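Overview (structure and organization)
Read off the chains here:
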Amino acid sequence: MGDIDPGFIQPTEHRRKAMVVEASEIPVIDLSEVRKELLISEIGKACEEWGFFQVINHGVSFELSTKVEIEAKKFFEKSLEEKKKVKRDEFNPVGYHDAEHTMDVRDWKEVFDYLVEDKAQIPSSPDPHDMNLRTLTNQWPQNSPHFKETLEVYAQEVEKLAYKLLELISLSLGLAADKFHGCFKNQLSMVRLNYYPPCPFPDLAHGIGCHKDPNAITVLAQDDVGGLQVKRKSDGEWIPVKPTPNALVINVADVVQVWSNDKYKGVEHRVVVSTQRERFSIPFFFFPAHHVMVKPAEELVNEQNPARYREYNFGKFLANRTHADFKKRDMENLQIDHFKVLD
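Residues numbered from 1 in each chain as written. Predicted model: local features only at pLDDT ≥ 70, side-chain atom pairs only at ≥ 80, totals over all residues. Heavy atoms only, no water.

**Comments concerning the overall build of the protein chain**
Along its length, the protein chain carries six helices and 18 strands. The 343 residues of the protein chain split such that 55% are buried. When contacts within the protein chain are restricted to residue pairs at least 6 apart in sequence, long-range pairs at least 24 apart make up 78% of them. Just so you have it, the protein chain exposes about 15800 Å², and 50% of that area is on carbon and sulfur atoms. (Helix = DSSP H or I, 4+ residues; strand = E, 2+ residues; numbered from the N terminus. Buried < 20%, exposed > 50% of the residue type's maximum accessible area, 1.4 Å probe, protein only. Contact = heavy atoms within 4.5 Å. Areas by Shrake-Rupley, 256 points an atom, 1.4 Å probe, with all protein chains shown as cover.)

**Description of the sheet that holds strand S6 (residues 110-115)**
What the eight strands build is an open sheet, ordered S1-S2-S14-S11-S16-S9-S6-S3; its pairing is mixed. Pairing within the sheet leaves two strands with one partner each, and these edge strands are strand S1 (28-30) and strand S3 (95-97). Strand-to-strand, the axes of this sheet are offset by a mean angle of 25 degrees, without reference to chain direction. Across six bridges, S6 lies against strand S9 (residues 190-196) in antiparallel orientation. The partner of Asp 113 across the bridge, within S9, is Arg 192. On top of the sheet, helix H1 (residues 36-49) reaches S1, strand S2 (52-56) and strand S14 (248-252); it is set at about 160 degrees to S1, its chief contact. (Pairing = 2+ DSSP bridges. Axes fitted to C-alpha atoms, helices over the stretch in contact; angles between N-to-C directions.)

**Some points on the environment of Arg 88**
Tracing the backbone shows Arg 88 in the loop between helix H3 (80-83) and S3. Along the primary structure Arg 88 and Asp 113 are separated by 25 residues, whereas in three dimensions their C-alpha atoms are 8.5 Å apart. Polar contacts involving the side chain of Arg 88 include one to the side chain of Asp 113, which spans 2.3 Å. (Polar contact = N/O pair within 3.5 Å; in protein donor to acceptor, adjacent residues only side chain to side chain.)

**Structural notes on the pairing of S6**
Counting buried residues along S6, six of its six residues qualify, which places the element largely inside the surrounding structure. The alternating pattern of S6 places Glu 110, Phe 112 and Tyr 114 and Val 111, Asp 113 and Leu 115 on opposite faces, both of which are buried.

**Describing the sheet that holds strand S12 (residues 228-231)**
Pairing is antiparallel in the open sheet, where four strands are placed in the order S10-S15-S12-S13. Edge positions in the open sheet fall to strand S10 (208-211) and strand S13 (238-240), since each of these has one partner strand only. Adjacent strand axes in the sheet meet at a mean angle of 20 degrees, parallel and antiparallel pairs treated alike.

**Quick look at the packing of H1 against helix H4 (residues 147-172)**
Running from N to C, H1 and H4 point in directions that differ by 85 degrees, and their axes come no closer than 8 Å. For the element pair H1 / H4, the angle class is roughly perpendicular. On H4, the residues that touch Lys 36, Leu 39, Ile 40, Ile 43, Gly 44 and Cys 47 of H1 are Leu 168, Ile 169, Leu 171 and Ser 172. In the contact of H1 with H4, the residues fall into seven nonpolar, two polar and one charged. (Parallel < 35°, antiparallel > 145°, perpendicular 65-115°, else oblique. Nonpolar A, V, L, I, M, F, W, Y, C, P; charged D, E, K, R; others polar.)

**Some remarks on the environment of Asp 127**
In this fold, Asp 127 is placed in the loop between strand S7 (119-123) and strand S8 (133-137). The class of Asp 127 is partly exposed, set by a relative accessible area of 36%. Residues Asp 127 and Asn 320, spaced 193 residues apart in sequence, show a C-alpha to C-alpha distance of 8.5 Å.

**Structural notes on the packing of aromatic side chains**
All chains considered together, the criterion is met by 23 aromatic pairs. With centroids separated by 6.2 Å and ring planes inclined at 75 degrees, the aromatic side chains of Tyr 163 and Phe 184 adopt a geometry described as edge-to-face. In this pair, Tyr 163 sits in helix H4 while Phe 184 sits in the loop between H4 and S9, placing the two residues 21 residues apart along the sequence. Ring plane angle 40 degrees and centroid distance 5.7 Å describe the contact between Phe 287 and Phe 314, whose orientation is recorded as tilted. Of this pair, Phe 287 sits in the loop between strand S16 (279-286) and strand S17 (293-294) while Phe 314 sits in helix H6 (residues 314-324), placing them 27 residues apart in sequence. With respect to burial, Phe 287 and Phe 314 carry one shared label: buried. (Phe/Tyr/Trp six-rings, centres within 6.5 Å; stacked < 30°, edge-to-face > 60°.)

Printed below as a string of structure tokens:
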């Protein structure tokens with residue numbers, strides 16, 4: 001079987017156990033529910049109790065999702081030389097990458113990232129005194145006639161769903177539906193194609209290590225292989241998110257956690273790998289614009305419930321996290337807990 005590259009090995013406390021709790025508790029919410037107050041209540045309960053839920057009748061067609069998966073498979077089947085023609089780097093972190101790190105451990109996967117808006121601006125560095133911006137530009141593979149068109153249509157459709165979910169989450173917090181819409185003008189949102197090859201060391205490596213997402217909302221399409229696990233809030237057990245036909249997996253991320261002043265907390269999640277089967281997934285990361293200052297919504301803060309976070313610049317926060325994706329760091333990866341002022 002050979003030896004594993006030490007860069008892939010998870011710390012002992014993060015490795016998968018032989019037994020994982022089986023549960024089907026993660027809510028499945030039907031977005032076609034006509035009783036809006038009930039739908040808002042279901043969304044709020046899922047965000048508060050789980051931070052994760054699945055949605056059906058969401059408006060993204062099964063046919064389109066299938067086309068994206070076909071294009072993803074064709075791309076990852078290309079030679080490494082071909083894929084590296086659109087390889088991303090620290091300065092333009094969109095395109096192909098095969099050495100991503102999560103919490104300083106290399107992930108057992110390959111990815112292709114692209115922006116929802118073809119170009120986007122982001123701070124040049126995490127340095128708070130550096131006011132320079134750089135422009136990110138999508139890279140598209142040559143000789144893939146339907147790849148760009150299919151992926152762009154998918155991004156547009158999932159973006160519509162993300163706005164709908166954002167409105168429902170806002171309403172569930174007692175806020176105006178469009179409370180946060182302005183934060184996504186000139187957004188940094190992106191879609192990722194994930195490819196997890198079979199792994200001979202599933203007890204040592206993860207497809208993605210334990211982490212929380214830095215964006216507002218994540219919308220995930222996954223195939224039928226499974227592997228996504230969520231750390232249950234009530235007891236810390238790892239719960240598999242079983243693939244549900246035609247469903248999308250939604251999770252609350254860091255920005256919504258701060259906006260809600262900790263009412264809706266993002267939860268840690270990871271992807272475990274299979275020894276036999278390859279896996280594909282397609283997350284959409286709903287990112288605000290680089291200039292957005294993230295802080296608890298003023299309507300949710302008062303003397304009895306003071307702000308639990310000081311505000312932070314989203315672009316600088318993302319720039320720090322982007323640099324951390326490429327290599328091990330001498331310093332701790334930046335997390336929203338660094339901005340916490342009250343537990």
